[in-house]
Each structure stands twice: as C-alpha cells, then as structure tokens.
Amino acid sequence: MQVWKFGGTSVGKPERMHSIRELLNGDPNRKIVVLSALSGSTNALIAIGEAAKAYDDAKANSLTEDLKAHYMLFIKELYATTEGFEEGKNIVDTEFGFIKSLIGIKPFTIKQEKELVAEGEILSTKMFQAYLEEKGESSVLLPALDFMRIDADGEPELATIEDKLVTILNQYTDKQTIITQGFICRNPREEVDNLKRGGSDYTASLIGGAIRADEIQIWTDIDGMHNNDPRIVKRTFPIRELTFEEAAELAYFGAKILHPSTITPAKLRGVPVRLKNTMQPEAPGTLIANQTSDRDIKAIAAKDNITAIYIHSTRMLNAYGFLRRVFEIFEKYKTPVDMITTSEVSVSVTIDNSENLEQISAELREFADLEEHDRDQNIICIVGNFSADKEGIALKVLDAMKNIPIRMISYGASEHNLSLLIHSKYKAEALNVLNERLFYYEDAMKDIFTAP
C-alpha cells in the first residue's frame, strides 16, 4: 500500500480533482489518499473565526455565505450527474450549517475555532469521495478524527495512531482507495485539533509510517524540491535524490515544498518519500530515502526572521554548568535555538520566534552580559554530504560569500549542514552567488579549459 497526499492547489479546482482520479486509476497500487482543504479555504475559515471571536456575527455570516457560494460553483463543475450534484449539495449544506452553528456560540473559544478550521479538510474529502462514488470507484472515506491523535504537547502519538488505523483498515480490505483528511486530529480531551500549518504532509508521513507503506508520495504543483529558491534565483533545478537527513535540514531551514516535521515518521519506519508534481505527473520529482547521489552539495535554503542573541560572561570560562543554565531558559519559554557558536567567554545563539525575547533576555542578564540583539537576520543553509573526509566544501562556500558580511558560521555539528547568519538585506545576493559558485562555476571552468 502507498500513501498519496494532495495539497490545497492540487484539489483547488474541479478539474484538478478530476486529474487526481486519473492519477489514482493510472497506478495499480492500493492507496490511502490524504487531502488538504481547497486552496484559500483555511484562510477564509480563519477569517470567519476572527469575526465570530470579535462578536461580529454579521461579518462572520457574510463571509460564510461567500465561501459557501464558492463551494456551490465548485460542485457544479465537479459532478457530471444530477445524483452526484445533489450529493455534493447535501455535503455543502450540511457542513456550512455546522459552520453557522459554531458562529452562534458565545464566547467563541479556541475549541470552536479548531472545529471551524477543520471544516476545510472535511469538505474536500467528502466532496472527493462523493465524486469517486459517482464514478463507481472502489473507495471509502475514513475520518482522520477516528485515528489521528496528539498528546498534551501537541505531538502525534504514533503508537496510538498505528493501533487505531490498523484496526480500522482491517474493515476495508476490499477497498482500493481510502480517503482521509490531512491536518486535523484529536487532542487528549478528544476535542478537534490540528497539526498546525502544513500538517497534511505530516499526516501522510504519520500514516505511511504507521502502516509501513511502500512509499509516501507528496503531490504539489512543483516538480520536486529544488536546489535553491526559484522565487529569488533564476537558475534552479529539481533535486532527484536526497537522504532523510538532507531533506529534513532543507525543510527546517526554509524549503517550502515540505513541512519540517514530515520526514521524521517516514525515516523512523524507513518509508521512502517521493515529491511529485500534479501538473507534470510524468516528471520524476524528488525521492527521499536512505540512499542518495554522489553530489556533495545538494541544495541551499534560507530561513527568515531570525534574531541573534550574543551572551558574554567570564563565569563561562571552565564552567561546566554555564550552557545548561542558558538552555534551561530557552526551554522554559519553549523557544528552539537554530544556531549556536561558542568561544572561551561567550556564546551566540539564534532563534526564529522572538515572542518571549524580552523575558529570555531578562533572565539571561541575571548571570551574563548581552550585546544588542541582531534582528532581521537570515540563516543561509547549505545542505549535502559533508562527511569528515570531504575536502574544500567550506572553502567554496566562504569564497562565494567573500563580499557579504557573515555574523555567524555553524559547521561540523552535522554531516549535512553548513549554516551562515547574514542580514536579510543580503539574502537574495547570497542565494544567487552561492547558486552560481556551488552549482555552475566548476562546469563553466571545465567548458573554458576543454574548449577547442
């Protein structure tokens, strides 16, 4: 069995749902299909929730009617028969009736907000399942709320998910296609919750790991993961193979095609992940697995909105407990650290969430001196195979960056990551010069010296 996930743009138009059916029928494997909400729906539902929270029911109901009108136009083109359309209309009427009932609850709490946002995935999957039924396909809708669980810290309970999912799947061994929702789940209070933004990728990986799938396929509107940001750099290309570690580094440090958490369950169970393009299904995409190509440097990514914190203290010298005290403060405020560099009497760290920066700084100042924080920074991450016996990789990177000020360098903690901290105003320049130097320079030199 395989797990195929389709994102918002892949299901965002009726003709794209038609294309998904063709893709499913063109592959003989039995599948669990994970769907996101229609593109734009989640943002629209959040806006409805914000209006309801502000006691502006008139606005909330107006926004709801606008969104329902969009879905009514959608189902007119999705279904080919009167019976199919009537079933689609029944789905839309039922779910939007529930949305309106949520708006009327006062106070409008986080519980209602999460139930509201979940409607995007519930609508898309019910509509798609009804479409497959109209076409006579062997399929069933399996609600994610029946098996997807998170703990009190918002982390998926993989063992629970596996137990529940396997038990349910045993009831549908005769079905070729099993449809379920991405993103949504239940928390320890059995309330509707979610896996945060991008969580449909995470859902697919959790399911794939739980059932030990042959492969997880993430279908988007891009031909795999690119070696650089194509919005900023003109000459980019799809990466054909990545290891789990390389893909995780790229996702965490800014590659938008993949949710940073996706790789973990797949890696844990050894399930390959393939990134595919719904607009070009014949393209090979990117395969993420244990094996990879021989290319040393695979890709470059950039992480925005970074703040650097510089901590100095003579007490750090030969003090074995100093770093523990520092990181206990970040742990207390649940603020992850991206980069860290140290010297005899100082330590520098970066964070991408400055929500608790003031409190963190106040506690650090109780036993250390702080420089003024560097805000509006970028981490430029170069990813590849940087094992200890590789030569010249750092030299190539630093030579390319010779005209750009670098605030921090992190290299050696991982065999797959070299990270540089720079001001955001240099981001585009850095990505472009690194792209030319690391991926095209040597080829250009070969052409020069081998020319007749």
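Everything numeric in this text was worked out from a predicted model, so none of it was measured.

Rules behind the numbers
- For every chain, the first residue of the written sequence is number 1, and numbering continues from 1 along that sequence.
- Only residues with pLDDT of at least 70 get local features here, since the model is predicted, and only at 80 or more are side-chain atom pairs given and counted; chain-wide, interface and lining totals rely on the full set of residues.
- Hydrogen atoms and water are omitted, and side-chain values are computed over all heavy atoms in the structure.
- A run of DSSP states H or I qualifies as a helix once it reaches four residues; a run of E qualifies as a strand once it reaches two. Both are numbered from the N-terminal end.
- Exposure is judged per residue with a 1.4 Å probe applied to protein chains only, and the accessible area is read against the type maximum: over 50% gives exposed, under 20% gives buried, and values in between give partly exposed.
- Salt bridge, as used here: a side-chain nitrogen of Lys or Arg that lies within 4 Å of a carboxyl oxygen of Asp or Glu.
- UniProt positions are given in the numbering used here, feature names are shortened, and annotations may be inferred rather than shown by experiment.
- Whenever two N or O atoms come within 3.5 Å, that pair is a polar contact, provided that in protein one can donate a hydrogen and the other can accept it, and provided that, for residues adjacent in sequence, both atoms are side-chain atoms.
- Residue contacts are counted whenever heavy atoms from the two residues lie within 4.5 Å of one another.

### Some remarks on unusual backbone geometry
Here is step 1: Each neighbour pair has its own omega, and for lysine 106 with proline 107 the value is 0°, a cis peptide bond.
Here is step 2: You can see proline 107 is positioned in the loop between helix 4 (82-103) and helix 5 (110-134).
Here is step 3: At tyrosine 55, a residue that is not glycine, the phi angle is positive and equals roughly 60°.
Here is step 4: Within the element layout of this structure, tyrosine 55 appears in the loop between helix 2 (41-53) and helix 3 (57-78).
Here is step 5: Residue tyrosine 55 is classed as exposed on the basis of its relative accessible area, which comes to 54%.

### With respect to the pattern of salt bridges
Here is step 1: Enumeration according to the criterion identifies 29 salt bridges in this entry.
Here is step 2: A salt bridge links arginine 149 to glutamate 190, with the shortest nitrogen-to-oxygen separation between them at 3.3 Å. With arginine 149 in the loop between strand 3 (139-141) and helix 6 (158-169) and glutamate 190 in the loop between strand 5 (184-186) and strand 6 (192-194), this residue pair connects regions lying 41 residues apart in the sequence.
Here is step 3: Its relative accessible area of 44% is what places glutamate 190 among the partly exposed residues.
Here is step 4: Here glutamate 363 and lysine 332 are joined by a salt bridge, their closest N and O atoms 2.7 Å apart. With glutamate 363 in helix 11 (residues 357-364) and lysine 332 in helix 10 (residues 322-332), the pair connects residues that are 31 residues apart, well separated along the chain.
Here is step 5: When its relative accessible area of 54% is taken as the criterion, lysine 332 is described as exposed.
Here is step 6: Among the charged side chains, a network of salt bridges with common partners joins Glu50, Lys53 and Glu113.

### Quick notes on the UniProt feature "domain: Aspartokinase ACT" (unreviewed entry) in the protein chain
Here is step 1: Look at the UniProt record and you will see "domain: Aspartokinase ACT" (unreviewed entry) annotated at residues 314-355 and 380-437.
Here is step 2: Between the end C-alpha atoms of residues 380-437 the distance is 15 Å, and the span holds 33% helix and 28% strand.

### So, the side chain of glutamate 215
Here is step 1: Following the sequence through the fold, glutamate 215 ends up in strand 7 (residues 215-220).
Here is step 2: In this structure glutamate 215 comes out as buried when scored by relative accessible area, which is 10%.
Here is step 3: A distance of 2.8 Å separates the side chain of glutamate 215 from the side chain of glutamine 217, its partner in a polar contact.
Here is step 4: Leave out the neighbours within four places in its chain, and glutamate 215 touches Met1, Gln2, Val3, Val271, Pro272, Arg274 and Leu287.

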